[in-house]
Amino acid sequence: MNPKPEKNVIPDLVLFCKSYHKDMLRARRMADSVQRFNVDRIPLYMCVPDKDLAAFKRCFEGISCTFVTDETVLSASCRVHGALPDDYPRHLLQQLVKLEFWRLNTCRNYLWIDADSYFIREFRLSDFLDQAGVPYTIQHESEELFSFAATYDDSIIEDFQRMAIKFKRLFNRTGPLYNFGYSPLIWSCKVLKHLYEDFLVPRNQTIFTLLLKYPCEMQLYGEYLYYSKTIPIVTKKPLFKVYHYDEQFFREQEYGQNEYSLSKDYLGIVMQSNWASPNKRKAGFRIKLFIRKYRKRFKGFFDK
């Protein structure tokens, strides 16, 4: 007699995207790329506000995915942490939903990917988990971003270093200033459960207050993993090419970079939606670039 197939088997990995109505078309592009390149058919979960759910379902017609709502995730979180404060900053809710998705018990690990990302070549489970099933930890020292910042805006480096030092002090780690971004990232539900049971509960803290004091979910996960050693740390460089600013994108376009050449080193591309930043900031970047580019030509004028 053939054994009956197991029911309710929890997958080793799912893809998870937190989105909302303003990013719906970007999210559809991301989901299209998943449908096209997902060799191992890793399940895709889309998490959206309840008020946006109907619109997303219409937009995602023909896409294989499972929808959950922000309210479902937050309700699971509030059942253990208590009510979410009414004045909780709205910009932290997205991070909170990402950090608490593990409570739905849908997987052992999840790769969370932002809506402004998309795959450019085939991907498999082995891109995210090692042979023992351990999720890779995205870790680097911000080399690429710092190289860009040195040309465009030194404050980018200063801002990151200030933030990274704050997290190191929280968990009493010494050593290099690691960067545990950027999306997509592979998170272990085991690590996040450990954060709750072995760090927050004994200190009578909630994830709400922790995130208020340390508002960077990527750095929080990475530094806590080093602190707790809940799973083996198997590091990997960023999976996607990230364009933080339009100046990065246009500069690489000038050098002939394209999706085909990028696919040799990356699984996908992130076109960060913060490009819609205030014109004043963009103008400041371009003024700095102009000055640096023509400093030698006008040497003497700028040195006065």
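Residues numbered from 1 in each chain as written. Predicted model: local features only at pLDDT ≥ 70, side-chain atom pairs only at ≥ 80, totals over all residues. Heavy atoms only, no water.

(A) Representation of unusual backbone geometry. The omega torsion of the bond from Gly 181 to Tyr 182 falls at 20°, within 30 degrees of zero and hence cis. For Tyr 182, the location among the structural elements is in the loop between α6 (155-170) and β7 (185-188). Here the residue pair Ser 183 and Pro 184 is connected by a cis peptide bond, since its omega of 0° sits within 30 degrees of zero. Note that Pro 184 resides in the loop between α6 and β7. Residue Asn 105 is not a glycine yet carries a positive backbone phi of 60°. (Helix = DSSP H or I, 4+ residues; strand = E, 2+ residues; numbered from the N terminus.)

(B) Main features of the pattern of salt bridges. This structure, assessed with the given rule, holds 13 salt bridges. Measuring nitrogen to oxygen at the nearest pair gives 3.1 Å for the salt bridge that ties Arg 108 to Asp 12. Remark: Asp 12 occurs in the segment before β1 (13-18) and Arg 108 occurs in the loop between α4 (93-100) and β4 (109-112); sequence separation between them is 96 residues. In this structure, the salt-bridge partner of Arg 173 is Glu 223, at a minimum N-O distance of 2.7 Å. Taken together, the residues span a long stretch of sequence, with Arg 173 in the loop between α6 and β7 and Glu 223 in helix α9 (residues 217-228) at a distance of 50 residues. When its relative accessible area of 15% is taken as the criterion, Arg 173 is described as buried. Bridged by salt links that share partners, the residues Lys 98, Asp 114 and Glu 217 form one connected network. (Salt bridge = Lys/Arg side-chain N within 4 Å of Asp/Glu carboxyl O. Buried < 20%, exposed > 50% of the residue type's maximum accessible area, 1.4 Å probe, protein only.)

(C) The confidence of the model for the protein, seen in detail. Summarising the model, the protein shows a mean pLDDT of 88, and 87% of its residues fall at 70 or more. Of the regions scoring below 50 in pLDDT, residues 276-287 engages in twelve contacts with residues more than four places distant in sequence or in other chains. (pLDDT = per-residue confidence, 0-100. Contact = heavy atoms within 4.5 Å.)

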